[in-house]
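Now for the letters of each chain:
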2 protein chains.
Amino acid sequence: MTERVLALQALAPEQRAQLEQAGVEIVDANNWESQSPITIILGWDKKIGPAALMAPSNQVKWIQTVSAGIDYLPLDWIKAHDVQVTNASGVYSPAIAESTIGYLLYFIRGFNEAVKNQAGHFWQQPARDDLRLLASQNVVIYGTGSIGQAIAKLLHGFGNEPAGVNRSGHPVDGFKQTVSLENDHDLLKDADVVINAMPATSTTVHYFDEQFFKQLDGLNIFINVGRGKSVDQQALMNALLYQNILHAALDVFDEEPLAKDSRLWDYPNVLITPHQTGFAKENTKPILNIFEKNLQSWLNDGSLSVNLTDVSQGY
Amino acid sequence: MTERVLALQALAPEQRAQLEQAGVEIVDANNWESQSPITIILGWDKKIGPAALMAPSNQVKWIQTVSAGIDYLPLDWIKAHDVQVTNASGVYSPAIAESTIGYLLYFIRGFNEAVKNQAGHFWQQPARDDLRLLASQNVVIYGTGSIGQAIAKLLHGFGNEPAGVNRSGHPVDGFKQTVSLENDHDLLKDADVVINAMPATSTTVHYFDEQFFKQLDGLNIFINVGRGKSVDQQALMNALLYQNILHAALDVFDEEPLAKDSRLWDYPNVLITPHQTGFAKENTKPILNIFEKNLQSWLNDGSLSVNLTDVSQGY
């Protein structure tokens, strides 16, 4: 049987041709119903994706996402129907890591104030001691997977070796120390920077809550490039008001888009980016490389050779 | 004769005590006239510095600046009177390099637009292809001394090896290629980023002029962390208007402070910082380390062991 790939990710003509040469049929989002049965889905769309799975003719056995996270998929249904999911984990990590270093330098090197002063035409130098070096900030990264490791790698270039927090506390290359989520308190005492790069799972939902933030006494920077749902947003706003945290850079939110009337937009020490931190023109090629590798093994022997997720874990 | 050091740089009590233990007398800015003759000046002040040199009792033989550049000193007078000048070259380079990476990421990772959208509560994602990776930008650094090398070193951490431009085109570690100022045209054809990190000398004044900018066809980012006088500011503004350059981050200016009514403040694709890029709390210690090393050799045998400048070259 020829595999029929429902492409919910835009493909350039040469990319489409390359996939067709591998021996599969590419089905477009706008006419998938007339061309079912679909056997593979590339990418996702919150309307077409579920519709394709629920269609009477459905024969989908494999979904290749173009995202790292898979928490937006109907995971219970997928597990019950033995569909395998491969993700694009790793592809976005360089872009997320670069943005994360950018967020850090934005605050540490005084751009936050400079941008405001520029708007008012104010030439207002900070005190020499107000600016710091990233090299000497004490950084704790939650999540030591692909994203956390990419951030750690860039930090090394600044002479900075971060500490890490993960589920079991197992050591990971590039981190001077790692502890489990249960034992993070000691690390936080000396932290200047906390970065969330954890996936969304039942363990991580609202991990950063009032109790967490109350441990902090003037943390310089909190960054969320993981998932919005890991943070209790109201608790974070309180922590910023009460200066448990001095600055925050946030790319992901409880509800996206962030509501127009959210007070968070106007917090003077918060940088908000609209869930864009993983974007980069350079990502397209490695995403299709993953799909092509998997397609090759799938056509050979029905296996998926890279980035196979554990649907029951949710990542 | 006991050396009398006129301290035009603030000293913490323990720093003062440490210098006094080395066997010198520290004279404060507010009572130097009653305690002349001064033999050494640490730091500079645009009123007290010249006054001390011109005083009838003047015996200054050595000036230790706390800056990297020395172009603000009365160099002709200094040369004519055989005064030696040591600078703080190298101290500020890590801070300047960190800021420079920050400027790059600010534009490459879309913070420029995000900051504006945040002010208006707009959740406006860029197109995925609008954001880029620093890793893949083609960077040309003018000036391959301490600052240029520090920037190159941080770029390496991003997997980016820059090209360099210096006076003779001599090769420098950390640069994939170096050319002389006369031969920079070929490098510029493929450049995404130009960074000025040159000192102010007669060769570099207005090096970046109309003719220079006209070579550029949509350069992504121009950064000036060198000297304001290296850039013809009006020509730069034109280059931004005509999109020879798409974005600029400027820390130094023709005239500082930048005039309140300068149109440059309002350029939407320009980030202005008020000559702060070298600031860091971490700098104080290495500045005094340089002075102490020189003081030791000076007291031993009248030599200056580190950071001796060539006054006739101006750096």
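Residues numbered from 1 in each chain as written. Chains lettered and ligands numbered in written order. Predicted model: local features only at pLDDT ≥ 70, side-chain atom pairs only at ≥ 80, totals over all residues. Heavy atoms only, no water.

Under an unreviewed UniProt entry, chain A has the name Phosphoglycerate dehydrogenase and belongs to Levilactobacillus tujiorum.

## Here we look at the overall build of chain A
Selection rule: Secondary structure elements follow DSSP: runs of H or I no shorter than four residues count as helices, runs of E no shorter than two count as strands, and numbering proceeds from the N terminus. With C-alpha atoms as the basis for the radius of gyration, the globule rule is written as 2.2 Å multiplied by the number of residues raised to the power 0.38. Think of it in three bands: residues with accessible area under 20% of the maximum for their type are buried, residues over 50% are exposed, and the middle band is partly exposed, with areas taken using a 1.4 Å probe on protein chains only. The Shrake-Rupley method, run with a 1.4 Å probe sphere, supplies the accessible areas, and residue values consider only the shown protein chains as cover. Positive charges are assigned to Lys and Arg, negative charges to Asp and Glu, while His and the chain termini are left out of the count. For this purpose, a charge sits on NZ of Lys, CZ of Arg, CG of Asp or CD of Glu.
Scanning chain A from N- to C-terminus turns up ten helices and twelve strands. Over its C-alpha trace chain A gives a radius of gyration of 22 Å, about what one expects of a compact globule, namely 20 Å for 315 residues. Taken over the C-alpha atoms alone, chain A extends approximately 70 × 45 × 35 Å along its principal axes. Residues classed as buried in chain A amount to 55% of the 315 residues present. For chain A, the computed accessible surface area is about 13,700 Å², with 47% contributed by carbon and sulfur atoms. Distance between charge centres in chain A, computed from 22 positive and 35 negative side chains, equals 3 Å.

## Overview of the packing of helix 4 (residues 93–108) of chain A against helix 6 (residues 146–157) of chain A
Residues and elements named next belong to chain A. This is how the line gets drawn: Working convention: axes come from line fits to C-alpha atoms, limited for helices to the stretch in contact. Angles between N-to-C directions cover 0 to 180 degrees. Each angle receives one of four descriptions, namely roughly parallel if under 35 degrees, roughly antiparallel if over 145, roughly perpendicular if within 65 to 115, and oblique otherwise. Handedness of a helix crossing follows the sense of rotation of the near helix relative to the far helix, less than a right angle counterclockwise being left-handed and clockwise being right-handed. What makes two residues a contact is simply this: any of their non-hydrogen atoms within 4.5 Å. Gly is put with the polar residues, along with every residue not named as nonpolar or charged; the nonpolar set is Ala, Val, Leu, Ile, Met, Phe, Trp, Tyr, Cys and Pro, and the charged set is Asp, Glu, Lys and Arg.
Running from N to C, helix 4 and helix 6 point in directions that differ by 50°, and their axes come no closer than 8 Å. Between helix 4 and helix 6, the interaxial angle falls into the category oblique. As helix 4 packs across helix 6, the resulting crossing turns out to be right-handed. The segment helix 4 lies against helix 6, with Ser93, Pro94, Ile96, Ala97, Glu98, Thr100, Ile101 and Leu104 engaging Ser146, Ile147, Ala150, Ile151, Leu154 and Leu155. Among the residues making up the contact of helix 4 with helix 6, the classes are represented as ten nonpolar, three polar and one charged.

## Re the sheet that holds strand 10 (residues 219–224) of chain B
Residue and element names in this part refer to chain B. The condition that has to hold: At least two bridges found by DSSP between two strands is the condition for calling them paired.
With parallel pairing, seven strands are arranged side by side in an open sheet as 8-7-6-9-10-11-12. Since the sheet does not close on itself, it has two edges, and those belong to strand 8 (177–180) and strand 12 (270–272), each with one partner. The average angle at which neighbouring strand axes cross in this sheet is 15°, direction not considered. Relative to strand 11 (residues 245–250), strand 10 runs parallel, the two being bridged by five bridges.

## As for the relation of the copies chain B and chain A
Note the threshold: Overlaid copies result from least-squares superposition on C-alpha atoms, with residues included only where pLDDT is at least 70 in both.
Mapping chain B onto chain A leaves a residual RMSD of 0.1 Å; the transformation is a rotation of 180° accompanied by 0.0 Å of translation along its axis. Within this description, the copies of the chain are treated as partners about a two-fold rotation axis. For chain B, the minimum C-alpha distance to the rotation axis belongs to B:Gly157 and amounts to 2.2 Å. A high fraction, 100%, of the interface residues of chain B reappear at the interface in chain A, so the copies pair face to face through one surface.

## Brief notes about the pairing of strand 6 (residues 139–142) of chain A
Residue and element names in this part refer to chain A. Here strand 6 shows a buried face lined by Val139 and Ile141 and a second buried face lined by Val140 and Tyr142. With four bridges joining them, strand 6 and strand 9 (residues 193–196) adopt parallel strand pairing. Bridging across to strand 9, tyrosine 142 finds its partner in asparagine 196. The pairing of strand 6 with strand 7 (residues 163–166) spans three bridges and is parallel.

## Observations regarding the side chain of B:Thr309
All names here are of chain B. Selection rule: Polar contact is defined as a pair of N or O atoms within 3.5 Å, subject to the rule that within protein one atom must be able to donate a hydrogen and the other to accept it, and that residues adjacent in sequence are counted only when both atoms are side-chain atoms.
For threonine 309, the position within the fold is in the segment after helix 10 (284–301). Assessed through its relative accessible area of 11%, threonine 309 is described here as buried. A distance of 2.8 Å separates a polar side-chain atom of threonine 309 from the backbone oxygen of valine 85. Contacts of threonine 309, omitting those with residues within four sequence positions, involve Ile70, Val85, Thr86, Asn87 and Tyr315.

## So, helix 5 (residues 111–119) of chain B
When helix 5 of chain B is considered as a whole, its buried residues turn out to be B:Phe111, B:Asn112, B:Ala114, B:Val115, B:Asn117 and B:Gln118. Those residues of helix 5 of chain B that are buried lie in contact with helix 4, helix 5 (111–119) and strand 12 (270–272) of chain A together with helix 4 (93–108) and strand 11 of chain B. Just downstream of helix 5 of chain B, B:His121 is the residue with a positive phi angle, here 60°.

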